[in-house]
Amino acid sequence: MEVGLRTAGKSVGRPVRKHDGDAYLTANATYTGDIVLPGTVYAALVRAPLAHALIRSVSTAAAEGATGVIAVVTGEDMIPWCDEIPHGLDAGHLGGHHSAVFPLAVEKVVYAGEPIAAVVATSEADAHAACLMVEVDYEPLPVLLDVESALAADAPILYPAWAENVLIEGHVGNDDFAEVARTAPHVLEGELRTHRGTAAPMEPRTYLADWDAGRQHLTLYASTQNPHVLRTVLAAAMRLREDQIHVVAPKVGGSFGLKMYGSREDFIAPVLARMVGRPVSWVEERAASLLPAAREQVLSYRVAFDDDGGLLALDVEALTDHGAAAPTHGWAMAYVGALSTGLGYAIEHCHVHYRVVVTNKAPWSGTKPFGKDGATLLLERIMERVAAATGVDAGTVRRRNFVAPSAFPYRHTSGLELDSGDYAAALDQTLEILSHERLRADQARLRAQGRYLGIGLGFELMPESADIPGGFVAAYDTSTVRMSPSGRVSVLTGVTSPGTGSDTGICQLVADELGVALDTVSVVQGDTDTCPYGFGNISSRSLVTGGNAAVLAARDVADKIRAAARALLRADYDEPVLIEDGIARLTRDPSRSVSVVEAARAVYTRSYELELDVEPHLESTRTYRPSNIREVPDALGRMQTYTTYPYAVHASVVEVDVETGVVTLLRHVATHDCGTVVNPLMVDGQVTGGVVMGLGAAFSEELVFDDDGIPLTTGFKTYLLPRAVDVPRVELGHLCTPAPGTPLGAKGVGEAGFAGALAAAFNAVNDAVAPLGARLDRTPLSPIAIMRALREARR
Amino acid sequence: MIPTRFEYVAPRTAADVVAALDGESRLLAGGTWVVPEMGRAESRPRRVVDLRRAGLATISVEGSRLRLGAMCTYSDLLSSEDVTRHAPLLRTMASGVTGGSALRNQATIGGSVAAARPQSDVPATLVALRADAVVAGPAGSRRVPTAELFLGAGRTTLAVDEVITGFDLPSERMSGHGYVKLKRGGSSWPIVTAAALLRLDDDGRCETAHLVLGGVEAVPMTVDLTIMLGRPLGDQELDVAAARTVAALSAPWTDVLAPGDYRAAVAAPAARRALAMARANVGVTEGERHGRRPDCP
Ligand SMILES: Cc1cc2nc3c(=O)[nH]c(=O)nc-3n(C[C@H](O)[C@H](O)[C@H](O)COP(=O)(O)OP(=O)(O)OC[C@H]3O[C@@H](n4cnc5c(N)ncnc54)[C@H](O)[C@@H]3O)c2cc1C
């Protein structure tokens, strides 16, 4: 499907403010938690205080008698009401193991904080109070808290039916490292460890479920990324028809992947509402919202390279500490990490063996940037080590290895096919913004004074808009554009916005296609009864898929307006009509015109003046399905499952206080390319936000557990998100290589910034402490880790 | 949202506060610590005794002593000229507290001291200032040097039916002060704090020197600097003080944000920097001090 590139219009390409920004800023936006239905009751969860234990018995009698309590529900009680949760991507169907997960734990708990019972009461406080009265008899089991212990020969098996603690494993690329290495001039090995972090949206998961017993119908307000798919899986597990469920996603206060459909938490309120027959509100506590994990891997690598720093072969053994098994897509981050390892560098032999290991921690849950962060950090670390080993400058090493612009389309060893870009140009621009040469001179001068500045680079290449064959993650999506008799335009989309502003971008695209003012257009999202079926926001897809679909639909409506204008102006059927500024005029005689509003009204009210083959309505529903996806594996089992390939080159400048290990971030530069920019404000916001999130992962955000697996980072005074004072203004550079495979040329920007910032910061700190002989091979770069590294170097 | 039920009283005098206290009651000051704790059901008192009506938020100067009500908030400290004049260290400390204006307007010094959290800013600062806590109990009022108040993490010598009504401290008008705080970022609890006070005689020799570190051990750690008295304050003397800091360490504190070995390793540099800042501050007038905010990392 070719839609054709477009250039900046009246709205597109301009820094338009969010169409609903005022509502957010003035606290008038309606979030799920703002909605109250008559008779609403409140749920609270009893959570496991142990990381691994058998549930011997649950005694609910005391809680049932407590003030305000309507029901106390155990895992067993819920089974007749809810089957096991459908998997987003079942490892059991892909050569790994299946796990049966229910909303509440049954028989056994596998992580601390796992929900084992629920209380429904007339107030939130009473529900929580009664939770304290539920008595659970546990039989503690040995806990596994890291991959090494979980893989030990004598390790207890978390899921006995599997007979091992590996959920799934696989290979990406050819395992031919040894052969290449035999004749390679240099071989390096190493290990890189990333730590456990999480998504941490401000608004935790929040639901309000209303079961109408008379109609046998469920309405669910949910802070979710994928209302339609959520309805599909709810219906399946609750044995309802999809038309018995209406899911509405009001404004979402951030998600970053945490609110992707299909977690056990999605089922708590709906099932309880059906069981008690009243609207049930459930808001996840902050500590629980910090349970799901985003990363924690041990990446062992071997790399072969030549004297110029050209990479000949790469071999990676990637161990993922997944935590407990889950029905969500979390584990797939390990697979995507493997797919994108080395991406953007022309490495002929690139092999990753990934193993997803289960431990007694809360499970991985899909989080921006979905496993690509570990892969990015690894490659960028390797580039630095290769530079150090060969004596070639680190930028030059990258330049020598980048896939050249002339090489596109370029098939990576994993099967992903890069379409466009100019990675070296992004590096050049970043170095220029940085004044790299001068900075290096400053660094040398300051070192002589005992001050340790570090400069680090990070190249990120993010495959975006994923497609999972057979799964509810698709590269395509659908939008409806509808114009009313008064010329107002509604866009109904299958995609949603978690607060990122993709909806504003869609308004801009549609306004330009229809030649109307931006405030004529509104967007309706997140409602399964009104919007076309779609896959919501994930994988940086909302604008690329929903936006392009809306463009196609808007063009249909514009054609209808043109037909009506011709009829009203008594012009020939093939007379070209230009729509601009709300006026449709004949291209050849611009003095003859009607307003878009008149034309719209005529479609509805004077249909017999239209040509008979023009149906008298102003509505079109179109799907945009990118043409570059290949779901059918090739002979080597490789697929091409991503639509666009945005990238960035980052540079971080830090100063390390070598007496305290405290790092001051002095500068962060990122040159980004997401193809055609629909709204520079939104793009800059996404990249900046991603950078800050990546810096948080690099330095301070860390999920910490005690020796028994109890989470210790239960709030934002211990799970340390970066604050404005911690981060310098992010200096942005821009490149634009439109994506050839997509209409508009826009590439995803929703995951931009994170991985490259993490890598650049990592390299910068290593650069700073290198003269002292110190080296860090793990994240986070906390003052504690830095002091340890310095101490080891002194030994 | 507090799940458990409790009785709430807000007495108007310290005596009535004391009368309302028993083993199952909890004092409520600004509530920034108590309320979240009750929300998480970690604390389930039968009775909450609110101090807000007991009139304990005054600041006054009597002779050469500064009196602070226990209910003074960080904002009260920041806006008080008496504090700026007689205990600028408190002002510097208060200006580096996180949580924004909501927290600064709400959290009290009495609450911070009574909570006795090793990583808090207030306890070590008050110890450095040699403040006495004024404590009301069933038998009347007693004065306790703050240095003797702290028994361990979250533990003080206060009995369940005692309340801190205020603090009484000598004026430090003539001293230079230094305050250094190491953290893991803007949102982090303090990891290590160092509060220093130095006074020089007319010949530039050290007349008094006080150095107290917070976050290093379970209770504020006082470093004895008698050795510095009568000596000029050169870099060498600061090195000596840093060495004494290391020597003073016995059982470093560990929490989720930093282990004891880290705190032990950074105690000396923090101490040295606080003293260097105090040295640079000696003799600086209030006006100047106001203009150039000492920088605390
Ligand atoms: C967002 C946030 C940021 C913070 N940032 C910092 C920071 O940067 N540095 C820092 O040091 N601290 C910080 N704190 C902690 C804060 O300073 C303390 O929570 C506060 O000082 C406690 O005072 P309060 O009046 O709120 O005490 P409350 O919560 O009311 O009480 C605390 C404890 O003291 C008892 N108590 C209160 N008053 C008395 C009294 N007069 N006599 C006897 N017992 C009493 C209470 O019963 C309770 O046990 C922060 C807290 C928050 C929530």
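Analysis parameters
Residues numbered from 1 in each chain as written. Chains lettered and ligands numbered in written order. Predicted model: local features only at pLDDT ≥ 70, side-chain atom pairs only at ≥ 80, totals over all residues. Heavy atoms only, no water. Helix = DSSP H or I, 4+ residues; strand = E, 2+ residues; numbered from the N terminus. Buried < 20%, exposed > 50% of the residue type's maximum accessible area, 1.4 Å probe, protein only. Contact = heavy atoms within 4.5 Å. Areas by Shrake-Rupley, 256 points an atom, 1.4 Å probe, with all protein chains shown as cover. Lys, Arg positive; Asp, Glu negative; His and termini not counted. Charge placed at Lys NZ, Arg CZ, Asp CG, Glu CD. pLDDT = per-residue confidence, 0-100. Near = heavy atom within 4 Å. Polar contact = N/O pair within 3.5 Å; in protein donor to acceptor, adjacent residues only side chain to side chain. Axes fitted to C-alpha atoms, helices over the stretch in contact; angles between N-to-C directions. Left-handed = near helix turned anticlockwise from the far one by under 90°. Nonpolar A, V, L, I, M, F, W, Y, C, P; charged D, E, K, R; others polar. Pairing = 2+ DSSP bridges. Domains from an automatic or database assignment. Buried area = accessible area lost by both parts, 1.4 Å probe. Salt bridge = Lys/Arg side-chain N within 4 Å of Asp/Glu carboxyl O. Patch = residues over 30% accessible without salt bridge, like charges linked within 9 Å, V, L, I, M, F, W, Y side chains within 5 Å. Phe/Tyr/Trp six-rings, centres within 6.5 Å; stacked < 30°, edge-to-face > 60°. Lys NZ or Arg CZ within 6 Å of the ring centre and 35° of its normal. Disulfide = S-S within 2.5 Å.

**Focus: the overall build of chain A**
Thought 1: From N to C terminus, chain A includes 20 helices and 30 strands.
Thought 2: Principal-axis analysis of the C-alpha atoms gives chain A an extent of 90 × 70 × 50 Å.
Thought 3: The burial tally for chain A puts 63% of its 795 residues in the buried class.
Thought 4: For chain A, long-range pairs separated by at least 24 residues make up 79% of all intrachain contacts whose partners lie at least 6 apart in sequence.
Thought 5: For chain A, the accessible surface area stands at approximately 28,300 Å², while carbon and sulfur atoms represent 51% of it.
Thought 6: In chain A, 67 positive and 97 negative side-chain charges are present, and the distance between their average locations comes to 4 Å.

**Describing the side chain of T545 of chain A**
Thought 1: Checked against the element boundaries, T545 of chain A lands in helix α16 (residues 542–568).
Thought 2: Every residue in contact with T545 of chain A, bar those within four places of it in the chain, is listed here: A475, Y476, D477, V495 and Y624 of chain A.

**Let's talk about the confidence of the model for chain B**
Thought 1: With 95% of its residues at a pLDDT of at least 70, chain B reaches an overall mean of 94.
Thought 2: For this predicted complex, the interface score ipTM comes out at 0.94, while the overall pTM is 0.96.

**Some details on the site of the ligand**
Thought 1: In the neighbourhood of the ligand, 31 residues make up the surrounding shell, with L27, G30, T32, Y74 and T108 of chain B lying closest.
Thought 2: Neighbouring residues of the ligand are not confined to a single chain but are spread across chains A and B.
Thought 3: L27 of chain B places a polar main-chain atom, nitrogen or oxygen, 2.6 Å from an oxygen atom of the ligand.
Thought 4: In this structure, I164 of chain B approaches the ligand through a main-chain N or O atom, which is 2.9 Å from a nitrogen atom.
Thought 5: Look at the ligand: alone it shows 970 Å² of surface, and the protein chains cover 90% of it.
Thought 6: At the level of secondary structure, the elements contributing two or more residues to the shell around the ligand comprise β2 (25–28), α7 (109–115) and β10 (163–170) of chain B.

**Some points on the environment of T30 of chain A**
Residues and elements named next belong to chain A.
Thought 1: Within the secondary structure, T30 is located in the loop between α1 (21–25) and β1 (41–47).
Thought 2: For T30, a relative accessible area of 41% puts it in the partly exposed group.
Thought 3: On a C-alpha basis, the gap between T30 and Q297 in space is 38 Å, while along the polypeptide they are 267 residues apart.
Thought 4: Beyond its immediate sequence surroundings of up to four residues, T30 is in contact with I35, P250 and K251.

**Section: the packing of helix α11 (residues 372–390) of chain A against helix α19 (residues 754–769) of chain A**
Residues and elements named next belong to chain A.
Thought 1: One way to put it is that α11 packs onto α19 with a least axis distance of 8 Å and a crossing angle of 35 degrees. In the crossing of α11 with α19, the sense of the turn from one axis to the other is right-handed. Across the interface between the two elements, K372, D373, T376, L377, E380, R381 and E384 from α11 touch F754, A755, G756, L758, A759, F762, N763 and N766 from α19.
Thought 2: Residues of the contact of α11 with α19, tallied by class, amount to six nonpolar, four polar and five charged.

**Description of the pairing of strand β28 (residues 647–656) of chain A**
Residue and element names in this part refer to chain A.
Thought 1: Across the 10 residues that make up β28, a large majority, 10, are buried.
Thought 2: Here β28 shows two buried faces, one formed by Y647, V649, A651, V653 and E655 and the other by A648, H650, S652, V654 and V656.
Thought 3: Sheet topology places strand β18 (residues 452–461) next to β28; 10 bridges connect them, and they run antiparallel. In the strand pairing of β28, L461 is matched with Y647.
Thought 4: The loop that links β28 with its antiparallel partner strand β29 (residues 663–673) comprises six residues; one of these, G661, has a positive phi angle of about 80 degrees.

**Here's the deal with the domain arrangement of chain A**
Residues and elements named next belong to chain A.
Thought 1: By the assigned domains, chain A splits into domain 1 (32–141 + 201–289), domain 2 (297–360 + 368–467 + 633–794) and domain 3 (478–520 + 537–624).
Thought 2: A C-alpha centroid distance of 42 Å is found between domain 1 and domain 3.
Thought 3: With seven residues of domain 1 in contact, the opposing surface of domain 3 contributes six residues.
Thought 4: Of the roughly 520 Å² buried between domain 1 and domain 3, counting both surfaces, carbon and sulfur atoms make up 49%.
Thought 5: Our enumeration of links across domain 1 and domain 3 arrives at zero salt bridges.
Thought 6: Here domain 1 is connected to domain 3 by three residue pairs in polar contact (both at pLDDT 80 or more).
Thought 7: A per-class count over the side of domain 1 that touches domain 3 returns three nonpolar, four polar and no charged.

**Focus on a negative patch on the surface**
Residues and elements named next belong to chain A.
Thought 1: Together, E64, E76, D77 and E107 line one region of the surface with negative charge.
Thought 2: Counting through the fold element by element, E107 comes out in the loop between α3 (75–78) and β4 (108–109).
Thought 3: For E107, a relative accessible area of 55% translates into the label exposed.

**Overview of the sheet that holds strand β10 (residues 217–222) of chain A**
Residue and element names in this part refer to chain A.
Thought 1: If you walk across this open sheet you meet the seven strands as β3-β5-β1-β12-β9-β10-β11, and the pairing is mixed. Each end of this open sheet is capped by a strand with a single partner; those strands are β3 (69–74) and β11 (245–248). Recorded for the sheet is a direction-independent mean angle of 20 degrees between the axes of neighbouring strands.
Thought 2: With six bridges connecting them, β1 and strand β5 (residues 115–121) associate as antiparallel partners. Among the inter-strand pairings, A44 is bridged to a residue of β5, identified as V119.
Thought 3: Its contacts with the sheet place helix α4 (residues 124–131) against β1, β3 and β5, and it is angled at close to 25 degrees to β1.
Thought 4: Strand contacts of helix α8 (residues 265–276): β1, β3, β5, β9 (206–212), β10 and β12 (280–283), with the helix running at about 30 degrees to β9, the strand carrying the most contacts.

**Focus on the packing of aromatic side chains**
Centre-to-centre distance and the angle between the planes together describe a pair of aromatic rings.
Thought 1: This model, assessed by the stated rule, comprises 14 aromatic pairs over all chains.
Thought 2: On the basis of an interplanar angle of 0 degrees and a centroid distance of 5.4 Å, the ring pair of Y345 of chain A and F402 of chain A is categorised as stacked. Of the two residues, Y345 of chain A sits in the loop between α10 (332–339) and β15 (349–357) while F402 of chain A sits in the loop between α12 (394–401) and β16 (410–411), which places them 57 residues apart along the sequence.
Thought 3: When its relative accessible area of 7% is taken as the criterion, F402 of chain A is described as buried.
Thought 4: Measuring from ring centre to ring centre gives 4.7 Å for Y423 of chain A and Y647 of chain A, while their planes differ by 80 degrees; the resulting arrangement is edge-to-face. Here Y647 of chain A lies in strand β28 and Y423 of chain A lies in helix α13 (residues 423–434), a separation of 224 residues in the sequence.
Thought 5: These aromatic residues form a ring-pair network of at least three members: Y345, F402, F408, Y423, F459 and Y647 of chain A.
Thought 6: The lysine or arginine in question, R274 of chain A, covers the ring of W211 of chain A, its NZ or CZ lying 5.0 Å from the ring centre.
Thought 7: One cation-aromatic arrangement involves K717 of chain A over W189 of chain B; the distance from NZ or CZ to the ring centre is 4.5 Å.

**Some words on the state of the cysteines**
Residue and element names in this part refer to chain A.
Thought 1: Overall, the coordinates contain zero disulfides over all chains when judged by the stated rule.
Thought 2: Left without a disulfide partner, C736 is nearest to the cysteine sulfur of C674, which lies 7.6 Å away.
Thought 3: Looking at C736, the relative accessible area reads 46%, which means it is partly exposed.

**Details of the pairing of strand β12 (residues 192–200) of chain B**
Residues and elements named next belong to chain B.
Thought 1: Burial of β12 is extensive: seven of the nine residues sit out of reach of the surface.
Thought 2: Taken together, the seven bridges between strand β11 (residues 176–182) and β12 define a ladder with antiparallel strand orientation. Residue pairing across strands places K181 opposite T193, the latter belonging to β12.
Thought 3: Relative to strand β13 (residues 206–214), β12 is paired through eight bridges, and the arrangement is antiparallel. Each bridged residue has a counterpart across the sheet, and for R199 the counterpart in β13 is T208.
Thought 4: Counted between consecutive antiparallel strands, the loop separating β12 from β13 contains five residues, among which G204 sits at a positive phi close to 80 degrees.

**A short note on the sheet that holds strand β6 (residues 135–140) of chain A**
Thought 1: On the basis of which strands lie adjacent, the open sheet formed by three strands has the order β4-β2-β6 (chain A) and antiparallel pairing. The open sheet has two edge strands, β4 and β6 of chain A, and neither has a second partner.

**Things to note about the pattern of salt bridges**
Thought 1: Taken as a whole, this structure holds 71 salt bridges over all chains when the rule is applied.
Thought 2: Note that D581 of chain A is salt-bridged to K10 of chain A, the shortest N-O span being 3.3 Å. Taken together, the residues D581 of chain A in the loop between β23 (577–580) and β24 (583–586) and K10 of chain A in the segment before α1 connect sequence positions 571 residues apart.
Thought 3: Taking relative accessible area as the criterion, D581 of chain A reaches 54% and is therefore assigned exposed.
Thought 4: Of the residues examined, K10 of chain A reaches a relative accessible area of 53% and is grouped as exposed.
Thought 5: Across the salt bridge formed by E609 of chain A and R606 of chain A, the nearest N and O atoms sit 3.1 Å from each other.
Thought 6: Connected through shared salt-bridge partners, E62, R65, R67, D132, R143 and D168 of chain B make up one network.

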